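Chain residues, written in single-letter form:
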Amino acid sequence: MVSFVCFEKVGKVYRSGEVEIEALRDVNFVIEKGEFCVIVGASGAGKTTILNILGGMDTLSDGKVTLDGQEVSAFSGRRLTEYRRYDVGFVFQFYNLVQNLTALENVELAAQICREPLKAEEVLGQVGLIDRMNNFPAQLSGGEQQRVAIARALAKNPKLLLCDEPTGALDYNTGKAVLKLLQSTCRDMGKTVVVITHNQALTAMADRIITVRNGTVADMVRNEKPVDVDTLEW
């Protein structure tokens, strides 16, 4: 059976004039549908490049990437745009909300560009913000803004939720609350969630742990007993 996400011998080389920088080399891993996957590694290890290729924001130099049976690495520029629009939800370290739109309007904005969006009010309720949906970003805490960003990604009803250091701009307790939300999203909605982080402690909450070192996958482990976020300490 073909895995939901599959990286096969993926390489990425950035060129600047005469200079070549090898960001990734011979990257191989799989992620199954409905898994909570943590990709962990030090700064500069290649985590974000992997996420950008999987999310269709960057192209590879070698190898093959598939999602749900589609060869993403063979997509044209236009098809990649459609892929980002319909199939992938993004959550970044910084929330990237539209400042002059309310929380509800920020989520509705994403829902408007999708084929089968979820209702914005319902998704905001799922992330615990039904009472704050008419507030502007400046009237929300950092954790609330990140929850709006997660709701915005979920409203697209994507096949895959990609999270780039989603707790990096948050304090400890707020960060744990956001991670708990992401874990419950995976469990309750059956979403495939990929989180990249440098924080080794977060691996205990994952179904699958992919360790990246010096531009390649150093280890991939299936965690049979992922723990609840509340038990984590770092």
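Bear in mind the structure is a predicted one, so any value in this text is a computation, not a measurement. (Residues numbered from 1 in each chain as written. Predicted model: local features only at pLDDT ≥ 70, side-chain atom pairs only at ≥ 80, totals over all residues. Heavy atoms only, no water.)

## Side note on the overall build of the chain
A tally of helices and strands in the chain yields six helices and ten strands. Taken over C-alpha atoms, the radius of gyration comes to 17 Å for the chain, in line with the 17 Å a tight globule of 234 residues would show. C-alpha extents for the chain along the principal axes are approximately 50 × 40 × 40 Å. In the chain, once contacts between residues fewer than 6 apart in sequence are set aside, the share between residues at least 24 apart is 71%. Total accessible area computed for the chain in this model is approximately 11100 Å², and 47% of it derives from carbon and sulfur atoms. Side-chain charges of the chain comprise 26 positive and 30 negative groups, with the mean position of each set lying 3 Å from the other. (Helix = DSSP H or I, 4+ residues; strand = E, 2+ residues; numbered from the N terminus. Rg over C-alpha atoms; globule rule 2.2 N^0.38 Å. Contact = heavy atoms within 4.5 Å. Areas by Shrake-Rupley, 256 points an atom, 1.4 Å probe, with all protein chains shown as cover. Lys, Arg positive; Asp, Glu negative; His and termini not counted. Charge placed at Lys NZ, Arg CZ, Asp CG, Glu CD.)

## Regarding the nonpolar core
Ranked by size, the top nonpolar core spans 40 residues in total, and within it Phe36, Leu124, Leu161 and Leu182 carry the most contacts. Secondary-structure elements contributing two or more residues to this core are strand S3 (36-40), helix H3 (103-111), helix H4 (120-126), helix H5 (142-155), strand S7 (160-164), helix H6 (172-189) and strand S8 (192-197). The element that contributes the greatest number of residues to this core is H5, accounting for seven residues. With near-sequence residues (within four places) excluded, Leu182 lies in contact with Phe36, Ile150, Leu161, Cys163, Pro166, Val193 and Val195. Counting 31 residues, the second largest nonpolar core, distinct from the first, contains Phe7, Val27, Leu80 and Ile196. (Core = buried A, V, L, I, M, F, W, Y, C linked by side-chain atoms within 4.5 Å. Buried < 20%, exposed > 50% of the residue type's maximum accessible area, 1.4 Å probe, protein only.)

## Comments concerning the pairing of strand S10 (residues 216-222)
Bridge count between strand S9 (residues 208-213) and S10: six bridges; the pairing is antiparallel. Pairing of Val212 across the sheet is with Val217, part of S10. Between S9 and S10, which follow one another and run antiparallel, lie two residues, and Asn214 among them has a positive phi close to 55°. (Pairing = 2+ DSSP bridges.)

## Describing unusual backbone geometry
Phi angles above zero are rare outside glycine, and Glu165 is one such case at about 45°. Residue placement: Glu165 occurs in the loop between S7 and H6.

## A few points about the confidence of the model for the chain
Should the pLDDT be low somewhere, the predicted coordinates at that spot are not to be read in detail. Looking at the chain, the pLDDT average stands at 93 and 100% of residues meet or exceed 70. Averaged over each element, pLDDT in the chain is lowest for H6 (89) and highest for S9 (98). (pLDDT = per-residue confidence, 0-100.)

## Quick notes on the sheet that holds strand S1 (residues 5-16)
In spatial order, the strands read S2-S1-S4-S5; together these four strands make up an open sheet with antiparallel pairing. Because the sheet does not close on itself, it has two edges, and the strands there are strand S2 (19-31) and strand S5 (70-71). Here S1 pairs with strand S4 (residues 62-67) via five bridges, running antiparallel. Bridge pairing in S4 links Phe7 to Val65. In the packing of helix H1 (residues 47-54) onto the sheet, contacts are made with S1, S2 and S4, and the angle to S1 comes to roughly 110°. (Axes fitted to C-alpha atoms, helices over the stretch in contact; angles between N-to-C directions.)

## Here's the deal with the pattern of salt bridges
Scanning the entire structure with this criterion turns up ten salt bridges. Its salt-bridge partner being Arg15, residue Glu20 comes within 3.0 Å of it at the nearest N-O pair. On the accessibility criterion, Glu20 (52% relative accessible area) is exposed. One salt bridge connects Glu35 with Arg208, and the closest N-O pair in it is separated by 2.7 Å. Of this pair, Glu35 sits in the loop between S2 and S3 while Arg208 sits in strand S9, placing them 173 residues apart in sequence. Assigned by exposure class, Glu35 and Arg208 land together as buried. A single salt-bridge network, built from bridges that share partners, covers Glu35, Arg208 and Arg222. (Salt bridge = Lys/Arg side-chain N within 4 Å of Asp/Glu carboxyl O.)

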